[in-house]
Structures are given as C-alpha cells and as structure tokens.
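Understanding the architecture of this molecule
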Amino acid sequence: MAMHNQEISTSNSMQVFDYKDIDILRKFINDQGKILSRKSTKLDAKQQKKLAKAIKQARIISLLPFLNKN
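It should be emphasised that the depicted structure is a prediction, and the values quoted were computed from it without experimental measurement.

About the cut-offs
- Residues numbered from 1 in each chain as written.
- Predicted model: local features only at pLDDT ≥ 70, side-chain atom pairs only at ≥ 80, totals over all residues.
- Heavy atoms only, no water.
- Phe/Tyr/Trp six-rings, centres within 6.5 Å; stacked < 30°, edge-to-face > 60°.
- Helix = DSSP H or I, 4+ residues; strand = E, 2+ residues; numbered from the N terminus.
- Buried < 20%, exposed > 50% of the residue type's maximum accessible area, 1.4 Å probe, protein only.
- Contact = heavy atoms within 4.5 Å.
- Patch = residues over 30% accessible without salt bridge, like charges linked within 9 Å, V, L, I, M, F, W, Y side chains within 5 Å.
- Areas by Shrake-Rupley, 256 points an atom, 1.4 Å probe, with all protein chains shown as cover.
- Salt bridge = Lys/Arg side-chain N within 4 Å of Asp/Glu carboxyl O.

Let's talk about the packing of aromatic side chains
Taken as a whole and assessed by the stated rule, the structure comprises 1 aromatic pair. A centroid spacing of 5.5 Å and a plane angle of 85° characterise the contact between Phe-17 and Phe-28, whose relative ring orientation is edge-to-face. Taken as a pair, Phe-17 in the segment before α1 (22-26) and Phe-28 in the loop between α1 and α2 (38-41) lie far apart in primary sequence, 11 residues in all. Neither Phe-17 nor Phe-28 differs from the other in exposure class; each is buried.

Spelled out as structure tokens, the structure:
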C-alpha cells in the first residue's frame, strides 16, 4: 500500500474522521504505519489534527496497528 507522491482527494468541506472508520483512516497512513503529512494529504491544520486524533484513538483500541512490519 504505497502512498508515495499520491494526492488523496478530499472535499473542501470539513470531513469528519471517525476512529471506527478504519478504511478511510488507512488512506492517511503510509506503508510503515506513519501518519501522512499535511503536504501529502492536502488537509488544513484543523482537519489534520482531527485525523491524527482519530488514528491515535484507533491505534489505542487496536483497530489499527502502531507499526506495520513487512
């Protein structure tokens, strides 16, 4: 699941990130399990913070891994 140099299409409206929606959250994580930067996700600061919080919540309750070991 390499996400290098790809833009993730997001709408201009505020997107709601839910920690239970793993399919959407996986789009914002690279193949190592790191959260993608604002530069690559094209989100504003507020959206990026909500995204990071949702990913971290999903990791804590074991919906997403902290590391992807390949």
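Comments concerning the environment of Asp-18
Checked against the element boundaries, Asp-18 lands in the segment before α1. Separated by 32 residues in sequence, Asp-18 and Lys-50 have C-alpha atoms that sit 8.9 Å apart. When sequence neighbours within four positions are dropped, the list of residues in contact with Asp-18 reads Leu-25 and Ala-54.

Quick look at a nonpolar patch on the surface
Together, Ile-60, Ile-61, Leu-63, Phe-66 and Leu-67 line one region of the surface with nonpolar side chains, adding up to about 530 Å² of accessible area. Among the structural elements, Leu-67 can be located in the segment after α3 (45-60).

What about unusual backbone geometry?
Despite not being glycine, Lys-42 has its phi angle at roughly 60°, a positive value. Mapped onto the fold, Lys-42 is located in the loop between α2 and α3. Even without glycine at this site, Ser-62 takes up a positive phi of about 65°. You can see Ser-62 is positioned in the segment after α3.

Observations concerning the environment of Lys-27
With respect to the helices and strands, Lys-27 occurs in the loop between α1 and α2. Each C-alpha atom of the pair Lys-27 and Thr-41 lies 9.2 Å from the other, and the pair is 14 residues apart in sequence.

What is shown is where atoms sit, not what they do.
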